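Analysis of the macromolecular model
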Amino acid sequence: GSVPGRPNAPFFMAVGNADGVGDGVMVARDVVALAHEYCKQGDPVELNVYKGAVHTEAALHFEPPAVAFLIERFTGLPMRGNCASIPRGNSLAPLRPVHG
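These lines cover the structure that appears in this document, whether it is placed above or below. (Residues numbered from 1 in each chain as written. Predicted model: local features only at pLDDT ≥ 70, side-chain atom pairs only at ≥ 80, totals over all residues. Heavy atoms only, no water.)

1. What to know about the packing of aromatic side chains
A full pass over the atoms with the stated rule returns three aromatic pairs. Their ring planes at 45° and their centres at 5.2 Å tell us that Phe12 and Phe62 sit as a pair that is tilted. You can see Phe12 sitting in strand β1 (residues 11-17) and its partner Phe62 sitting in helix α2 (residues 55-74), a full 50 residues away along the chain. Classification of Phe62 as partly exposed rests on a relative accessible area of 30%. Between the aromatic rings of Phe12 and Phe69, the centroid separation amounts to 5.4 Å while the plane-to-plane angle is 40°, which identifies the pairing as tilted. Remark: Phe69 occurs in helix α2 and Phe12 occurs in strand β1; sequence separation between them is 57 residues. Summarising the burial analysis for this pair, Phe12 and Phe69 share the class buried. (Phe/Tyr/Trp six-rings, centres within 6.5 Å; stacked < 30°, edge-to-face > 60°. Helix = DSSP H or I, 4+ residues; strand = E, 2+ residues; numbered from the N terminus. Buried < 20%, exposed > 50% of the residue type's maximum accessible area, 1.4 Å probe, protein only.)

2. Some details on the state of the cysteines
Applying the stated criterion across every chain yields a total of one disulfide. Residue pairing for Cys39: its cysteine sulfur links by disulfide to Cys83, the two sulfurs lying 2.0 Å apart. In this structure the cystine formed by Cys39 and Cys83 twists about its S-S bond by roughly -80°; its chirality is therefore left-handed. In this pair, Cys39 is assigned in helix α1 (residues 28-40) and Cys83 in the segment after α2, connecting sequence segments 44 residues apart. (Disulfide = S-S within 2.5 Å.)

3. Brief notes about the nonpolar core
One finds Phe11, Met13, Val15, Ala28, Val31, Val32, Ala35, Tyr38, Cys39, Val45, Leu47 and Ile86 forming the largest nonpolar core, which totals twelve residues. Counting residues per element, the ones that place at least two in this core are β1, α1 and β2 (45-51). Not counting residues within four places of it along the chain, the set of residues in contact with Val31 comprises Met13, Ala14, Val15, Met26 and Leu47. Counting six residues, the second-largest nonpolar core is a separate cluster that includes Phe12, Ala53, Ala58 and Phe69. (Core = buried A, V, L, I, M, F, W, Y, C linked by side-chain atoms within 4.5 Å. Contact = heavy atoms within 4.5 Å.)

4. A few points about the environment of His36
The residue His36 is located in helix α1 in this model. For His36, a relative accessible area of 22% translates into the label partly exposed. Measuring from C-alpha to C-alpha, the distance between His36 and Val54 comes to 22 Å, with 18 residues separating the pair along the chain. Not counting residues up to four positions away in its chain, the partners in contact with His36 are Ile86, Pro87 and Arg88.

5. Here we look at the pattern of salt bridges
Taken as a whole and judged by the stated rule, the model has three salt bridges. Among the ionic pairs, Glu37 bridges to Lys40, the shortest N-O distance being 3.3 Å. Highlighted residues: Glu37 and Lys40, both in helix α1, separated by three residues, approximately one helical turn. For Glu37, a relative accessible area of 15% gives the class buried. One connected set of salt bridges, linked through shared partners, spans Glu72, Arg73 and Arg80. (Salt bridge = Lys/Arg side-chain N within 4 Å of Asp/Glu carboxyl O.)

This is the structure in structure tokens:
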């Protein structure tokens, strides 16, 4: 999300947020920021944040709507998306290395 170029397709994105930070693998606000960036670049995005879910639980929530999303795309249904409600999230600027 912080380098030029991106996929040019509709996105279905999701992340768990078990503890207000993330799902134990992903930082929720980083995923939100990437979704926001794709929206800003003109790509349709549907983002879901599964509150209270760790990574594996989020996957269980993710699978049914992801399959429905793919079926809708392959059958030519229009993309709904929720770009208007996706906040900025964290900065996507690359982190500077820490030297000891």
